[in-house]
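Working through the structure, step by step
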2 protein chains.
Amino acid sequence: MSGVRAQQKEKTRRQIINAALKQLSAERSFSSLSLREVAKEAGLAPTSFYRHFSDMDELGLTLVDEAGLTLRQLMRQARQRIAKGGSVIQISVETFMELIESNGNVFRLLLRERSGTSAAFRAAVIREIRYFTMELCDYLQKANNLDADVAYIHAHAAVTIVFGAGSDALDIDDKEEREQLAQQTIQQLRFIARGALEFSDRRKVSKKFR
Amino acid sequence: MSGVRAQQKEKTRRQIINAALKQLSAERSFSSLSLREVAKEAGLAPTSFYRHFSDMDELGLTLVDEAGLTLRQLMRQARQRIAKGGSVIQISVETFMELIESNGNVFRLLLRERSGTSAAFRAAVIREIRYFTMELCDYLQKANNLDADVAYIHAHAAVTIVFGAGSDALDIDDKEEREQLAQQTIQQLRFIARGALEFSDRRKVSKKFR
DNA sequence: AATTTAAGCGTACACGTGTACGCTGTTGTG
DNA sequence: CACAACAGCGTACACGTGTACGCTTAAATT
């Protein structure tokens, strides 16, 4: 049970995954990939693909999971930076923009499959984004002392804005424009934070006088 | 030049467009449509398709244009309702949600092609959304007396939130849940409006004392 | 009335697709 | 050591695809 066999299997499994990721681009979506293409890129005979995934769908779901993992790693990274001091919003946006730049195709996968044709894919992406939102929600609730529901609405809005900005960023090559987009996004997040805080405070006052 | 000929041509052109729209659904994206399928649905021989569009791409761009038109009609409709009184935000969200319910597939087309694999499609969708944003920007600037750039950032954020909510709404069947989403969206737009107003005011004060 | 234009059809072709099937060689197990 | 398990390969098949080509038929033009 040393696993020389299982080890090999895991290795070519990763080759398949990497082959798929490699073929993703602005011009190539996952759904446009064929089993044969992926197998070829992985250096496999088409039929050998089935030894690892029963379907392209199964591979796709695996990719979405990986993408979600990348997203969570990003968040941890952002939290570390924030702990060292600095504006929470600014650091978060910067970190996110770096993800777009370094892992654009992974982010593209999430964006595309969120509105894709497979219900399973959509559900998987939505789940990943929900994790993302919930963690932010917790943070906001503790940091800003917000009502639970205000915090959730705030978090949801912030995530929507950031993902929207990410989507825009994918179509921008110019570095200056990207920076401008980042600044705009930061400002939008500040609007939301400000608005949420005010609504939350107002509600507390009305509670006080109840 | 009476146009019996041109009239017929226009008619079957519409048949093609309608055939394509009819095949769009949650499970079927435009890019997954084949020329042959569309032609069949339109009651045409595959090769006759070429008499009207050189490409599936050309048909796709036409559809995006149509979708943009639908969007603009929606805005006019919303403005009419607003003129009759009521909360601007609430009426806008309600109107938008009605679009999702009645024209879900058209909206899906826009959402999908915005992050699709064709640069031309992406550009077309982004252009339509820009129109949408700009009109809102004008409105906000006049109605709330905002700075030009604050108004733009506000408008952009609002559109992002509304489109994001539309995207979420597409995956919700339950009417109650949909209503809840609408309320949440309204609240998010209020956060943004409140935040923008405050930032704008603050800036005016600093101008005053300059 | 004669001629040109053009929408629509049917046939035909080459190509890429998913996958069923049986085989080979290596690893793990009794 | 014998045997089972199994990753990987090659062949083969049916199917759907885009589109080139030539034809028909009805409208438009001359």
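Up top is the structure these notes are about.
Let me sum up the structure you'll find in this document. Since this is a predicted model, take the numbers as computed values, not measurements.

Another point: the relation of the copies chain A and chain B. Of the transformation superimposing chain A on chain B, the axial component is 0.0 Å and the angular component is 180°, with the fit at an RMSD of 0.0 Å. The superposition of one copy onto the other is thereby described by a two-fold rotation axis. Mapped onto chain B, 97% of the interface residues of chain A are again interface residues, and the two copies thus contact each other with one and the same surface.

All names here are of chain A. Taken together, the side chains of Glu94, Asp173, Asp174, Glu176, Glu177 and Glu179 present a region of like negative charge at the surface. With three residues, the single largest contributor to the negative patch is helix 7 (residues 175-208). For Asp173, the position within the fold is in the loop between helix 6 (148-169) and helix 7. A relative accessible area of 74% places Asp173 in the exposed class.

What follows covers the protein's contact with DNA strand C. Surveying the vicinity of DNA strand C reveals 21 residues, the closest of which are Arg36 of chain A together with Ala45, Ser48, Arg51 and His52 of chain B. Protein-adjacent atoms of DNA strand C, using a 4 Å cutoff, are sugar or phosphate at a proportion of 51%. Contact between DNA strand C and Arg5 of chain A: a sugar or linking oxygen at 2.7 Å from a side-chain N or O atom of the residue. A distance of 2.7 Å separates a phosphate oxygen of DNA strand C from a polar atom in the side chain of Ser34 of chain A. Those elements that provide at least two residues to the surface near DNA strand C are helix 1 (4-23) and helix 2 (35-41) of chain A together with helix 1 (4-23) of chain B. Split by residue class, the surface near DNA strand C holds six nonpolar, eight polar and seven charged.

Glancing now at the interface of chain A and chain B. At the junction of the two partners, chain A supplies 35 residues and chain B supplies 34 residues. Of the roughly 3,200 Å² buried between chain A and chain B, counting both surfaces, carbon and sulfur atoms make up 58%. Taken together, the links from chain A to chain B amount to four salt bridges. Two residues, Asp171 of chain A and Arg122 of chain B, come together in a salt bridge whose shortest N-O distance is 3.2 Å. Where chain A touches chain B, the interface holds 18 residue pairs in polar contact (both at pLDDT 80 or more). Listing elements by their share of the side of chain A that touches chain B, those giving two or more residues are helix 4 (88-114), helix 5 (119-144), helix 6 and helix 7 of chain A. Of all the elements, helix 7 of chain A adds the most residues to the side of chain A that touches chain B, at 13 residues. For the side of chain A that touches chain B, a count of residues per class yields twelve nonpolar, twelve polar and eleven charged.

By nearness alone, 20 residues border DNA strand D, and Arg5, Ser48, Arg51 and His52 of chain A together with Arg36 of chain B come closest of all. For DNA strand D, a base oxygen lies 2.8 Å from a polar atom in the side chain of Thr47 of chain A. Interatomic distance of 2.7 Å between a side-chain N/O atom of Tyr50 of chain B and a phosphate oxygen of DNA strand D. Mapped by element, the contributors of at least two residues to the surface near DNA strand D are helix 1 of chain A together with helix 1 and helix 2 (35-41) of chain B. For the surface near DNA strand D, the per-class residue count stands at six nonpolar, seven polar and seven charged.

Procedures and definitions
Think of each chain on its own: its residues are numbered from 1, step by step along the sequence as written. For naming, the first written chain is A and the first written ligand is 1, with later ones following in the order written. Where local features are concerned, this predicted model is filtered to residues with pLDDT of at least 70; where side-chain atom pairs are given and counted, the filter is 80 or more; whole-chain, interface and lining totals use all residues. To get the side-chain values, take all heavy atoms of the structure and skip hydrogens and water. Our superposition of the copies is a least-squares fit, built on the C-alpha atoms of residues whose pLDDT is at least 70 in both. We call two residues contacting when some pair of their heavy atoms lies within 4.5 Å. Patch membership requires more than 30% relative accessible area and the absence of a salt bridge. Residues of like charge join within 9 Å; the nonpolar side chains Val, Leu, Ile, Met, Phe, Trp and Tyr join within 5 Å. Under the convention used here, a 1.4 Å probe and the Shrake-Rupley method define accessible areas, while residue burial counts only the protein chains that appear. By definition, a salt bridge exists where a carboxyl oxygen of Asp or Glu is found within 4 Å of a side-chain nitrogen of Lys or Arg. The charged-residue count follows a simple rule in which Lys and Arg add positive charge and Asp and Glu add negative charge, with His and chain termini not counted at all. Note that the charge is assigned to NZ on lysines, CZ on arginines, CG on aspartates and CD on glutamates. We count a stretch as a helix when DSSP gives it H or I for four or more residues in a row; a strand needs E for two or more, and each element gets its number in order from the N terminus. Only protein chains enter the accessibility calculation, which uses a 1.4 Å probe. A residue is then buried if its area is under 20% of the maximum for its type, exposed if over 50%, and partly exposed in between. It suffices for a single heavy atom of a residue to lie within 4 Å of a molecule or strand for the residue to be listed as near it. Between N or O atoms, a polar contact is any pair within 3.5 Å; within protein, one atom must be a potential hydrogen donor and the other a potential acceptor, and residues adjacent in sequence are included only when both atoms are from side chains. Under the scheme applied here, ten amino acids are nonpolar (Ala, Val, Leu, Ile, Met, Phe, Trp, Tyr, Cys and Pro), four are charged (Asp, Glu, Lys and Arg), and all others, including Gly, are polar. Buried area counts how much accessible surface, traced with a 1.4 Å probe, disappears from two parts once they are put together, with both parts' losses summed.

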